[in-house]
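Each chain, letter by letter, is given below.
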Amino acid sequence: MSSSHQVIVVGAGFAGLSAATELASRSIDVVVLEARDRVGGRVESLRNALGERFDSGGQFFCDDMTEVTALARRHGKTFAETPLDGAFTAQPPVSAAEGERIFAGSTAIRERMNAIDPDDPSIKGLTVGAWLERQGDPLAAKAAFNSMIEGLWCRPIGEIPLWYLIDNDRRITNTVWELQYFPAETMHSLADDLAAELGDRLMLNTAVARIERSSGKIKVHTSSRLFEADQVIVAVPPVTASRIAYRPALPEPLSRALNAWKSGTVMKGQFRYARAFWRDKGLNGMVAWRDIHGLFAHDNSRDADHPTLVVYIGGPLAVEWRRLGEAGIRAELARRLVTALGPEAEEFLAFTLRDWVDDRWSGGGYSDLIMEMDARNAEAVLLEGDDRVQFASSELSPSFPGYVEGAIVAGKIAAERALHALAEQDRTSLIRPAPPHVGEPSR
Ligand SMILES: Cc1cc2nc3c(=O)[nH]c(=O)nc-3n(C[C@H](O)[C@H](O)[C@H](O)COP(=O)(O)OP(=O)(O)OC[C@H]3O[C@@H](n4cnc5c(N)ncnc54)[C@H](O)[C@@H]3O)c2cc1C
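What you see is a predicted model; the values in this text were computed from it and never measured.

**Describing the pattern of salt bridges**
Turning to step 1, where the next piece is worked out: If you walk through the whole model with that rule in mind, you get 32 salt bridges.
Turning to step 2, where the next piece is worked out: Note that arginine 42 is salt-bridged to glutamate 395, the shortest N-O span being 2.9 Å. Of this pair, arginine 42 sits in the loop between strand E2 (30-33) and strand E3 (45-47) while glutamate 395 sits in the loop between strand E20 (389-391) and helix H14 (404-431), and the two are 353 residues apart along the sequence. No difference in accessibility class separates arginine 42 from glutamate 395, as the two residues are buried.
Turning to step 3, where the next piece is worked out: Residue lysine 77 pairs with aspartate 193 through a salt bridge whose shortest N-O separation is 2.7 Å. Residue lysine 77 is found in the loop between helix H2 (66-74) and strand E5 (79-81), and its partner aspartate 193 is found in helix H7 (residues 187-198); the two are separated by 116 residues along the sequence.
Turning to step 4, where the next piece is worked out: By relative accessible area, lysine 77 is classed as buried at 13%.
Turning to step 5, where the next piece is worked out: Given a relative accessible area of 21%, aspartate 193 falls into the partly exposed group.
Turning to step 6, where the next piece is worked out: Three or more residues are tied together by salt bridges with common partners; here these are Arg36, Arg38, Glu44, Arg354 and Asp359.

**As for the side chain of threonine 352**
Turning to step 1, where the next piece is worked out: One can find threonine 352 in strand E18 (residues 350-355).
Turning to step 2, where the next piece is worked out: Not counting chain neighbours up to four residues away, the residues in contact with threonine 352 comprise Arg47, Asn48, Phe54, Lys268, Gly269 and Gln270.

**Considering unusual backbone geometry**
Turning to step 1, where the next piece is worked out: Here the residue pair glutamine 91 and proline 92 is connected by a cis peptide bond, since its omega of -10° sits within 30 degrees of zero.
Turning to step 2, where the next piece is worked out: Within the secondary structure layout, proline 92 lies in the loop between strand E6 (87-91) and helix H3 (96-114).
Turning to step 3, where the next piece is worked out: Omega for the peptide link from glycine 365 to tyrosine 366 comes to 0°, which places this bond in the cis form.
Turning to step 4, where the next piece is worked out: Tracing the chain through its elements places tyrosine 366 in the loop between E18 and strand E19 (368-370).
Turning to step 5, where the next piece is worked out: Phi angles above zero are rare outside glycine, and aspartate 358 is one such case at about 55°.
Turning to step 6, where the next piece is worked out: As for its position among the elements, aspartate 358 is in the loop between E18 and E19.
Turning to step 7, where the next piece is worked out: By relative accessible area, which is 61% here, aspartate 358 ends up exposed.

**Some remarks on the site of the ligand**
Turning to step 1, where the next piece is worked out: Inspection of the region around the ligand gives 38 residues, with Glu34, Arg42, Phe60, Ser362 and Ser394 positioned closest.
Turning to step 2, where the next piece is worked out: The contact in question runs from an oxygen atom of the ligand to an N or O atom on the backbone of phenylalanine 14, over 3.2 Å.
Turning to step 3, where the next piece is worked out: Between the ligand and the protein, one listed contact pairs an oxygen atom with a side-chain N or O atom of arginine 36 at 2.9 Å.
Turning to step 4, where the next piece is worked out: With the chains in place, 98% of the 1,000 Å² that the ligand exposes on its own is no longer accessible.
Turning to step 5, where the next piece is worked out: Within the residue set of the shell around the ligand, elements represented by two or more residues are helix H1 (14-25) and H14.

**Here we look at the domain arrangement of the chain**
The accessible area lost on association of the parts is a frequent measure of interface size.
Turning to step 1, where the next piece is worked out: Per the domain assignment, the segments of the chain are domain 1 (2-80 + 181-261 + 374-429) and domain 2 (85-176 + 266-355).
Turning to step 2, where the next piece is worked out: Each of domain 1 and domain 2 has a C-alpha centre, and the two are 29 Å apart.
Turning to step 3, where the next piece is worked out: Every contact between the two is made by 34 residues of domain 1 and, on the other side, 26 residues of domain 2.
Turning to step 4, where the next piece is worked out: Counting each side, the surface lost to burial between domain 1 and domain 2 is near 2,300 Å², with a carbon and sulfur contribution of 51%.
Turning to step 5, where the next piece is worked out: Between domain 1 and domain 2 we count five salt bridges in total.
Turning to step 6, where the next piece is worked out: Where arginine 272 meets glutamate 52, a salt bridge forms, and the shortest distance between an N and an O atom there is 2.7 Å.
Turning to step 7, where the next piece is worked out: The interface formed by domain 1 and domain 2 holds 13 residue pairs in polar contact (both at pLDDT 80 or more) in total.
Turning to step 8, where the next piece is worked out: Those elements that provide at least two residues to the side of domain 1 that touches domain 2 are E3 and strand E4 (53-55).
Turning to step 9, where the next piece is worked out: Grouping the amino acids of the side of domain 1 that touches domain 2 by side-chain chemistry returns 15 nonpolar, six polar and 13 charged.

**Quick word on the nonpolar core**
Proteins that are soluble and globular tend to have nonpolar side chains buried together.
Turning to step 1, where the next piece is worked out: Among the nonpolar cores identified, the biggest contains 95 residues, and Phe14, Ile233, Val234 and Phe391 are the most heavily contacted of them.
Turning to step 2, where the next piece is worked out: Element by element, the count of residues in this core is highest for H14, at eight residues.
Turning to step 3, where the next piece is worked out: Taken domain by domain, this core gets at least three of its residues from each of domain 1 (2-80 + 181-261 + 374-429) and domain 2 (85-176 + 266-355).
Turning to step 4, where the next piece is worked out: Discounting chain neighbours no more than four positions away, the residues touching isoleucine 233 are Val7, Ile8, Val9, Val10, Ala19, Leu23, Gln390, Ala392, Ala414, Ala415 and Ala418.
Turning to step 5, where the next piece is worked out: Residues Met267, Phe271, Trp289 and Ala318 belong to the second largest nonpolar core, which totals 28 residues.

**Some words on the sheet that holds E6**
Turning to step 1, where the next piece is worked out: Pairing is mixed across the open sheet formed by six strands, whose spatial order is E6-E15-E16-E17-E14-E18. Only two strands of the sheet have a single partner each, and these edge strands are E6 and E18. Going from strand to strand, the sheet's axes swing by 15° on average, the running direction of each strand aside.
Turning to step 2, where the next piece is worked out: The pairing of strand E16 (residues 295-299) with strand E17 (residues 308-314) spans five bridges and is classified as antiparallel. Across the sheet, the residue bridging to aspartate 299 is leucine 309, located in E17.

**What to know about helix H6 (residues 162-169)**
Turning to step 1, where the next piece is worked out: Most of H6 sits out of view: eight of its eight residues are buried.
Turning to step 2, where the next piece is worked out: Buried-residue contacts for H6 involve H3, helix H4 (128-134), helix H5 (139-153), strand E13 (261-263), E19 and helix H13 (378-384).

Reading the values: rules and limits
- Residues numbered from 1 in each chain as written.
- Predicted model: local features only at pLDDT ≥ 70, side-chain atom pairs only at ≥ 80, totals over all residues.
- Heavy atoms only, no water.
- Salt bridge = Lys/Arg side-chain N within 4 Å of Asp/Glu carboxyl O.
- Helix = DSSP H or I, 4+ residues; strand = E, 2+ residues; numbered from the N terminus.
- Buried < 20%, exposed > 50% of the residue type's maximum accessible area, 1.4 Å probe, protein only.
- Contact = heavy atoms within 4.5 Å.
- Near = heavy atom within 4 Å.
- Polar contact = N/O pair within 3.5 Å; in protein donor to acceptor, adjacent residues only side chain to side chain.
- Areas by Shrake-Rupley, 256 points an atom, 1.4 Å probe, with all protein chains shown as cover.
- Domains from an automatic or database assignment.
- Buried area = accessible area lost by both parts, 1.4 Å probe.
- Nonpolar A, V, L, I, M, F, W, Y, C, P; charged D, E, K, R; others polar.
- Core = buried A, V, L, I, M, F, W, Y, C linked by side-chain atoms within 4.5 Å.
- Pairing = 2+ DSSP bridges.
- Axes fitted to C-alpha atoms, helices over the stretch in contact; angles between N-to-C directions.

This is the structure in structure tokens:
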């Protein structure tokens, strides 16, 4: 069985959904092939033991993220504000003044880092960890910076190329807190809304195994079906895209660019309580652990009836804690929350953990990172794609890479490129002399 289209989009995360929505709105014959039995990719929802649906992947956005904000508005989502009132908790505790000093110190390191030109020859070959060692800041500020980077980019700082982090972080330009809002109905419901609009242009449980770029139409193979198109948008993260077979092999620069990435490692845990007990103590529920890197909690209650704390386990810590198993991680988190917020932290009604490490179809989270020290042009090469295959995922976005916002932007860019390429193909087929009709004398 085969079907033929103008554009095939591989992957129904926000990049693929936004690319397909854009193309469909321009009356392009587009089909989206999604490996999983749901849309959303790294935006996903699960139900807890009380039967309540919550985001187990991407969830938050802020006013500076204009695409996702507009999309959430258009689909009538309720903007739940992440609760912030009350005091912040550091573990082990420090005085408020010392806490502010540490935070300011770590922010200053980040700003100093981002002021470096990523192409400055003096940082060639340096990892973030090696650069940090050379800084003369107080140890507590350096430890907080280390924890923040491993918590947000989810790889060991001793491995992340400094130029990559600078280049990436400079594109995350929010001036308000990035966790400002979340859709009370879940971010995942927004992906479902986009999927509903695409209707039967979307096919679930349809994993692409091979893309053949012979002359004529491009052939996209799943295990049981063949799809053909003039253009293909591979809207999956780079590590996952590198697992698709390309025939003939991709040009060397493209395949090298695809292989330069590694996926972040993260787990997201949520504790649902009967009461927001931390508020009774004047606390806002936000906890940063100083004895361990990459662990962070905050209040994630969508309203007064759903008191919830979310905990992120990012970077090397996620890999290390996997060994504990879910029950072990739950016990460790509960113990730490008890120490930070009080004994009530143990009296949760439900706990859920989503382990994104080595996720089969998204590789991990929050995003893939370029980990090859010399792959400075990997992103540009992927963005360029070739004349019939475009790559799109949040990682490749000029704004907010690694976020839902970035995925929407990357999807729209790929759609524009595909439209442009289709127009070019039309133009060249008009210029080319039409094949003679049967019976017509040929010269
Ligand atoms: C735990 C966690 C928390 C996060 N929190 C936030 C947050 O609060 N705010 C925020 O903005 N961002 C957050 N992010 C990041 C955000 O979710 C991602 O940046 C964004 O969703 C990526 O979208 P994408 O379309 O680029 O990729 P993906 O969402 O990974 O989509 C790729 C899609 O392609 C499919 N696919 C893969 N291979 C194939 C194949 N061979 N054939 C067919 N389909 C295939 C996958 O199943 C998937 O659906 C979080 C991520 C995680 C993991």
